[in-house]
Structures are given as structure tokens and as C-alpha cells.
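Remarks on the overall topology
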Amino acid sequence: MAKSKLKPEPELKMFLVPCSCGTTFAVAKNYDHQGASWGRYLRCPTCDKRHDPKNRLLQMGYQRGKYWSVDKC
């Protein structure tokens, strides 16, 4: 009987930028690899404040228990 090879499940990740106004918005994993460095500053969709996501990027990972948790800050 052949052993079945299980493929590892891909890790689901979200990359979030929190703002002091209370809004949290998502960015792509490779947001800072595209365009010039001045273009990496993101504007909050609520208050229009500029953010450098490298300073406060939250990385959320989906856990097997069917919930999201913070992986890195």
C-alpha cells in the first residue's frame, strides 16, 4: 500500500497598517518592492494620514483552530 503524500497547507497571511484614528487597512505582501521609496507611504482611507508601513506593519496568520492571530508586529 502506497503512503499518501500530504502537501503542506499554504499559510494564509494578512499584512495590516493600524492608524491612530482607529482604522486598520490591509496592504499587499510586496507593497514596498514596487515603485520608488516615496511611494511606499500609504494614506489612511479615513483620515488621510500618511503611514510608513515598515514602522507599524502587523502580520496576521490564520491558525488551524480557525482563527487569526498576530504573528509579528
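Structure: above.
Let me begin by describing the structure that accompanies this report. (Residues numbered from 1 in each chain as written. Predicted model: local features only at pLDDT ≥ 70, side-chain atom pairs only at ≥ 80, totals over all residues. Heavy atoms only, no water.)

A tally of helices and strands in the protein yields one helix and six strands. Start at the N end of the protein and walk to the C end: the helices and strands fall as β-β-β-β-α-β-β. The burial tally for the protein puts 23% of its 73 residues in the buried class. Put simply, 40% of the contacts in the protein that link residues at least 6 apart link residues at least 24 apart. Accessible surface, the protein: about 6200 Å² in total, of which carbon and sulfur atoms supply 53%. (Helix = DSSP H or I, 4+ residues; strand = E, 2+ residues; numbered from the N terminus. Buried < 20%, exposed > 50% of the residue type's maximum accessible area, 1.4 Å probe, protein only. Contact = heavy atoms within 4.5 Å. Areas by Shrake-Rupley, 256 points an atom, 1.4 Å probe, with all protein chains shown as cover.)

Structurally, the position occupied by Thr23 is in the loop between strand E1 (13–18) and strand E2 (24–27). Among the polar contacts made by the side chain of Thr23, one reaches the side chain of Thr46 at a distance of 2.8 Å. (Polar contact = N/O pair within 3.5 Å; in protein donor to acceptor, adjacent residues only side chain to side chain.)

With that out of the way, let us pick up the nonpolar core. Core analysis: the largest hydrophobic core is formed by eight residues, namely Phe15, Val17, Cys19, Phe25, Val27, Tyr31, Cys44 and Leu57. The set of elements that each furnish at least two residues to this core consists of E1 and E2. (Core = buried A, V, L, I, M, F, W, Y, C linked by side-chain atoms within 4.5 Å.)

The grouping of Leu12, Met14, Tyr62 and Trp68 at the surface amounts to a nonpolar patch, some 360 Å² of accessible area in total. Tracing the sequence through the fold places Met14 in strand E1. Given the relative accessible area of 31%, Met14 is considered partly exposed. (Patch = residues over 30% accessible without salt bridge, like charges linked within 9 Å, V, L, I, M, F, W, Y side chains within 5 Å. Salt bridge = Lys/Arg side-chain N within 4 Å of Asp/Glu carboxyl O.)

Moving on to the pairing of E2. Only one face of E2 is buried, namely the one carrying Phe25 and Val27, since none of Thr24 and Ala26 on the opposite face is buried. Pairing analysis gives four bridges linking E1 to E2, with the strands arranged antiparallel. Each bridged residue has a counterpart across the sheet, and for Leu16 the counterpart in E2 is Ala26. (Pairing = 2+ DSSP bridges.)

Turning our eyes to something else, we now look at the packing of aromatic side chains. Enumeration according to the criterion identifies one aromatic pair in this entry. Taken together, a centroid distance of 5.2 Å and an interplanar angle of 65° make the contact between Tyr62 and Trp68 edge-to-face. Taking relative accessible area as the criterion, Tyr62 reaches 35% and is therefore assigned partly exposed. You can call Trp68 partly exposed: its relative accessible area is 36%. (Phe/Tyr/Trp six-rings, centres within 6.5 Å; stacked < 30°, edge-to-face > 60°.)

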